[in-house]
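# Working through the structure, step by step
Chain residues, written in single-letter form:
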Amino acid sequence: MAEWQDPKIIALWITVAFTVILVLGVAIVFFVRLHLKRMLVAQQKLSAEKLMHQKELLEYSVEIQERERKRIASDLHDELIGQLNVIRLSIVSKNTTIDTQEMLSGSIATARRISHDLSPPLLEETPFSEWIYNMASPLKPHYTIRLNIWKDPSANISKDVKLQLIRILQEFINNIIKHANAKTISFSLRVAKSYVALQITDDGKGFDTRSKTQGLGLKNMELRMQLLKGRYKLKSSNDSGTNLLILVKTPVCMEHTQ
């Protein structure tokens with residue numbers, strides 16, 4: 001009988017093989033449990049971070065609303081009420097040196113601007129591409145404006161989506177005017193039946209998007225994107241301009257035809 005055929009040798013090899021398999025099985029179970037535990041911890045950490053981020057956004061939303069109320073109150077007090085007080089005093093004192101008609105026209109224009117800021121007129125009837133033209137036109141004396149607009153003739157943007165995009169556009173333009181020191185602003189819009197893509201770029205000084213000291217304007221845009229359940233990508237760095245890309249999936253809203 002060959003040595004390897006010895007029952008004791010066979011039993012020893014079986015025992016060794018079983019032990020190796022058992023150790024490998026225990027090791028596999030251990031590492032799988034360790035991996036699952038790490039995944040669970042990572043998911044809990046991610047959930048906690050998302051919850052904290054949502055809490056911060058909620059706090060920012062309250063702060064943004066208060067800022068908007070103060071701005072509107074300031075416009076009413078400093079501009080409209082100031083102009084109306086001058087007109088009232090002019091009428092009471094019969095001061096003919098003040099052109100009350102011109103001041104009334106200015107007061108009406110101020111009231112109209114504040115009203116438009118609160119609720120854009122003809123929002124549902126006016127195409128979003130026209131809103132971009134209207135918002136870009138006042139910038140032309142100060143910037144080189146580039147417009148690239150494509151629209152499916154049978155599709156339109158719903159009122160709610162349009163309003164949020166207008167607010168994001170206003171916020172981004174305000175940031176460019178206040179901080180970017182840019183020379184060129186580019187707007188690209190693509191409206192299809194199932195999505196809206198909007199891109200805004202400038203060649204200004206840019207900023208560090210990783211900075212924790214981002215202003216309320218960017219938080220405001222992020223809040224609005226969450227309301228739209230859309231996606232956005234903001235790219236910027238010092239001395240390289242800023243690029244904002246927005247993608248919103250939206251159901252078809254057919255144009256009204258005569």
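Residues numbered from 1 in each chain as written. Predicted model: local features only at pLDDT ≥ 70, side-chain atom pairs only at ≥ 80, totals over all residues. Heavy atoms only, no water.

A few words now on the overall build of the protein chain. Looking only at helices and strands, the protein chain features five helices and five strands. Along its sequence from the N terminus, the protein chain presents helices and strands in the succession α-α-α-β-α-β-β-α-β-β. Taken over 258 residues, the protein chain has a buried fraction of 28%. The long-range fraction of contacts in the protein chain, counting pairs at least 24 apart against all pairs at least 6 apart in sequence, stands at 71%. For the protein chain, the computed accessible surface area is about 18,000 Å², with 60% contributed by carbon and sulfur atoms. (Helix = DSSP H or I, 4+ residues; strand = E, 2+ residues; numbered from the N terminus. Buried < 20%, exposed > 50% of the residue type's maximum accessible area, 1.4 Å probe, protein only. Contact = heavy atoms within 4.5 Å. Areas by Shrake-Rupley, 256 points an atom, 1.4 Å probe, with all protein chains shown as cover.)

Attention now moves to the pairing of strand β3 (residues 195-202). As judged from the seven bridges shared by strand β2 (residues 184-191) and β3, these two strands associate in the antiparallel manner. Bridge assignment links F187 to a residue of β3, and that residue is I200. Between β2 and β3, which pair antiparallel one after the other, the connecting turn spans three residues. Sheet topology places β3 next to strand β5 (residues 242-249); eight bridges connect them, and they run antiparallel. Within β5, the residue paired with Y195 across the bridge is K249. (Pairing = 2+ DSSP bridges.)

Along the polypeptide, Q164 turns up in helix α4 (residues 159-180). Q164 gets classed as buried once you look at its relative accessible area, which sits at 14%. Here Q164 is in contact with R224, L227 and L228, once residues within four sequence places are set aside.

Time to look at helix α3 (residues 128-136). All buried positions along α3 are accounted for by F128, S129, W131, I132, M135 and A136. Angular distribution of buried residues about the axis of α3 spans 155°; they occupy a single face of the element. On its buried side, α3 packs onto β1 (144-151), α4, β2 and β3. (Arc of directions from axis to C-beta.)

Our focus in this paragraph is the confidence of the model for the protein chain. Summing up the model confidence of the protein chain, the mean pLDDT is 79 and the portion of residues at 70 or higher is 83%. For the protein chain, the element scoring lowest by mean pLDDT is helix α5 (residues 216-228), at 76; β2 scores highest, at 94. Of the regions scoring below 50 in pLDDT, residues 252-258 engages in 13 contacts with residues more than four places distant in sequence or in other chains. (pLDDT = per-residue confidence, 0-100.)

This brings us to the packing of aromatic side chains. For the coordinates displayed, the defined rule picks out one aromatic pair. When the ring of F30 is compared with that of F31, the centres are 5.4 Å apart and the planes differ by 75°; the resulting orientation is edge-to-face. Judged by its relative accessible area of 53%, F31 is exposed. Here the guanidinium or amino end of R190 rests over the ring plane of W150, the centre of that ring lying 4.1 Å away. (Phe/Tyr/Trp six-rings, centres within 6.5 Å; stacked < 30°, edge-to-face > 60°. Lys NZ or Arg CZ within 6 Å of the ring centre and 35° of its normal.)

Overall, mixed pairing links the five strands, which are arranged β1-β2-β3-β5-β4 in an open sheet. The open sheet terminates on both sides in strands that have one partner only, identified here as β1 and β4 (231-236). Put simply, the sheet's adjacent strands are angled 5° from each other on average, direction ignored. Against the sheet, α4 contacts β2, β3, β4 and β5, and its axis sits at roughly 175° relative to β5. (Axes fitted to C-alpha atoms, helices over the stretch in contact; angles between N-to-C directions.)

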